[in-house]
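Chain by chain, the residues run as shown.
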Amino acid sequence: MPERAGRDPAGVVAPRGILRRRPERWLFKGIYGLVLASALVAALDVPGEEADPGQDALWILLTALTSGAAHGYAHVIARRASGDGTAGPSRLRAVLAEWPLAAAVLPTVVMLLAAAAGWWAEETAADTALVLNTVLLFALGTSAARTAGLGRLSSCRAGALDMLIGLVIIVADALIE
């Protein structure tokens, strides 16, 4: 399907692609996916139990796909229920638009699969995933703020607040273990 041209707020005509049309949507979904992956990897890494990083990776991926599908379909239902008369995206398109949520969990899934292959211990993979996801939360939070037009310092503060979510998960994981 050819891309349609649209005007940005400055009046410049640009092709409508997934990232150009609504960058805040993929940033939001990416942040949501990172938080989901971090919480799941922390919850699935239970000390004292036999490690099964392959199964953990599968659960994280399935949870992200299911969450994305549920979120996309919830948008369809909400639009239908609002009765505002506007045509919304098809069910399939609404679900597929949630791809950044599933994509955000892939680094965690890859690390756990590497542990399943014996390249490193599951605990190391889980800890590394938590740290990487926290750094990525900072990067996406900063990028979202820059997209919104904030300055560099304000964007870094926004990124630090997003990173705080990852740090809370890390601290909670350490306290629960």
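Data block above holds the structure.
Residues numbered from 1 in each chain as written. Predicted model: local features only at pLDDT ≥ 70, side-chain atom pairs only at ≥ 80, totals over all residues. Heavy atoms only, no water.

### Comments concerning the nonpolar core
- Among the nonpolar cores identified, the biggest contains 19 residues, and Val41, Ile60, Val105 and Leu112 are the most heavily contacted of them.
- Those elements that provide at least two residues to this core are α2 (23-44), α3 (53-82), α5 (99-116) and α6 (122-147).
- Top contributing element to this core by residue count: α5, with 6 residues.
- Setting aside its immediate chain neighbours within four residues, Val105 contacts Gly33, Ala37, Ile60, Leu61 and Ala64. (Core = buried A, V, L, I, M, F, W, Y, C linked by side-chain atoms within 4.5 Å. Buried < 20%, exposed > 50% of the residue type's maximum accessible area, 1.4 Å probe, protein only. Helix = DSSP H or I, 4+ residues; strand = E, 2+ residues; numbered from the N terminus. Contact = heavy atoms within 4.5 Å.)

### Considerations on α6
- Counted at 1.5 Å a residue, the expected span for α6 with its 26 residues is 38 Å, and the 36 Å between its end C-alpha atoms agrees.
- Of the residues making up α6, those classed as buried are Glu122, Ala125, Ala126, Ala129, Leu130, Asn133, Thr134, Leu137, Leu140, Gly141, Thr142 and Ala145.
- Where α6 ends, the next residue or the one after it, Gly149, has phi of about 95°, a positive value. (Expected span 1.5 Å × (residues − 1).)

### Quick notes on the side chain of Ser155
- As for its placement among the helices and strands, Ser155 is situated in helix α7 (residues 152-176).
- Given the relative accessible area of 0%, Ser155 is considered buried.
- Each residue touching Ser155, except ones within four places of it in the same chain, is listed here: Gly141, Thr142, Ala145, Arg146 and Leu150.

### Details of the pattern of salt bridges
- Under the counting rule described, the total for this entry stands at 1 salt bridge.
- Residue Lys29 pairs with Glu98 through a salt bridge whose shortest N-O separation is 3.4 Å. Placement of Lys29 in helix α2 and of Glu98 in the loop between α4 (91-96) and α5 is noted, with a sequence separation of 69 residues between them. By the burial criterion, Lys29 is buried, and Glu98 matches it. (Salt bridge = Lys/Arg side-chain N within 4 Å of Asp/Glu carboxyl O.)

### Topic: the packing of α6 against α7
- Interhelical geometry of α6 versus α7 gives an angle of 155° and a closest axis separation of 7 Å. The pairing of α6 with α7 is recorded here as roughly antiparallel in orientation. Of the two elements, α6 crosses α7, and the hand of that crossing is right-handed.
- Counted by class, the contact of α6 with α7 contains 12 nonpolar, 6 polar and 4 charged residues. (Axes fitted to C-alpha atoms, helices over the stretch in contact; angles between N-to-C directions. Parallel < 35°, antiparallel > 145°, perpendicular 65-115°, else oblique. Left-handed = near helix turned anticlockwise from the far one by under 90°. Nonpolar A, V, L, I, M, F, W, Y, C, P; charged D, E, K, R; others polar.)

### Describing a nonpolar patch on the surface
- A cluster of nonpolar side chains, Leu58, Trp59, Leu62 and Leu65, forms an exposed patch at the surface whose accessible area comes to about 400 Å².
- With respect to the element layout, Leu65 can be found in helix α3. (Patch = residues over 30% accessible without salt bridge, like charges linked within 9 Å, V, L, I, M, F, W, Y side chains within 5 Å. Areas by Shrake-Rupley, 256 points an atom, 1.4 Å probe, with all protein chains shown as cover.)

### So, α3
- Between its first and last C-alpha atoms α3 spans 43 Å; for 30 residues at 1.5 Å apiece the expected length is 44 Å, and the two agree.
- Turning to α3, its buried residues are Pro53, Asp56, Ala57, Ile60, Ala64, Ser67, Gly68, Gly72 and Val76.
- Remark: Gly83 follows α3 within two positions and exhibits a positive phi of approximately 60°.

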